[in-house]
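Residue-level structural notes
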Amino acid sequence: MITYNTENVKLPAIKKRDTSAWIRRVAAAYGKKIGEVGYLFCDDEKILEVNREFLQHDYYTDIITFDYCEDDTLNGDIVISLDTVRSNAQQLGKDYDEELHRVIIHGILHLCGQNDKGPGEREQMEAAEDKALAMR
């Protein structure tokens, strides 16, 4: 089950049924199935609070993914700051909706085992995001 919740923001204009079906297709492409995945859309202050409390990081970010996966079943909580998604879209000259979907699937790709911190991993993650976005 995929859930969509908010804190301090309105739910973004995503088609939940279509988005959930897309997420399932992407997971299946990695040989995974969806268990319990919860999205929390929030503002910058909430994601900063989460980042400080759980990761001891004192900075804003667009997404934090908590991985509770078991075998081939994806379970996790994905926290997304709509403020940062919007400012990133503006800075990158991207459409907000496209950037939002990129971030939505970024969390799923982490749950599928993709990383983006090590050498060359950022480029691999971006390629995986592009491939996933093409599946929408």
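Below: a short report on this structure. (Residues numbered from 1 in each chain as written. Predicted model: local features only at pLDDT ≥ 70, side-chain atom pairs only at ≥ 80, totals over all residues. Heavy atoms only, no water.)

As a further point, take the side chain of glutamine 114. The topology assignment puts glutamine 114 in the loop between helix 4 (96-111) and helix 5 (121-133). What glutamine 114 contacts, discounting residues up to four positions off in sequence, is Tyr30, Leu109, Gln124, Met125 and Ala128. (Helix = DSSP H or I, 4+ residues; strand = E, 2+ residues; numbered from the N terminus. Contact = heavy atoms within 4.5 Å.)

Moving on, we get to the nonpolar core. Core analysis: the largest hydrophobic core is formed by 30 residues, its most contacted members being Ile23, Tyr39, Phe41, Ile80, Ile104 and Ile108. For this core, the elements supplying multiple residues, two or more each, are strand 1 (2-7), helix 1 (16-29), strand 2 (33-42), strand 4 (73-81), helix 3 (82-92), helix 4 and helix 5. If you tally residues by element for this core, the top one is helix 4, at seven residues. Here tyrosine 39 is in contact with Ile2, Thr3, Tyr4, Asn5, Ile23, Ile78, Ile80, Ile104 and Ile108, once residues within four sequence places are set aside. In this structure, Leu40, Ile47, Ile64 and Phe66 belong to the second largest nonpolar core, which totals seven residues. (Core = buried A, V, L, I, M, F, W, Y, C linked by side-chain atoms within 4.5 Å. Buried < 20%, exposed > 50% of the residue type's maximum accessible area, 1.4 Å probe, protein only.)

Here we take up the pairing of strand 1. Examined bridge by bridge, strand 1 and strand 2 share six bridges and lie parallel to one another. The residue bridging glutamate 7 from the neighbouring strand is cysteine 42, located in strand 2. Taken together, strand 1, helix 1 and strand 2 constitute a β-α-β crossover, and its handedness is left-handed. (Pairing = 2+ DSSP bridges. Right-handed = clockwise from strand over helix to strand, strands pointing away.)

Before going further, it helps to examine unusual backbone geometry. Unlike most non-glycine residues, glutamine 56 shows phi in positive territory, near 55°. Looking at the element boundaries, glutamine 56 is found in the loop between helix 2 (44-55) and strand 3 (63-67).

Attention now moves to the packing of aromatic side chains. One pass over the structure, following the stated rule, counts three aromatic pairs. Each ring, one from tyrosine 39 and one from phenylalanine 41, has its centre 6.0 Å from the other, and the planes form 10°; the classification is stacked. Both residues of the pair, tyrosine 39 and phenylalanine 41, count as buried. Among the aromatic residues, ring-to-ring pairing joins Tyr4, Tyr39 and Phe41 into one connected group. (Phe/Tyr/Trp six-rings, centres within 6.5 Å; stacked < 30°, edge-to-face > 60°.)

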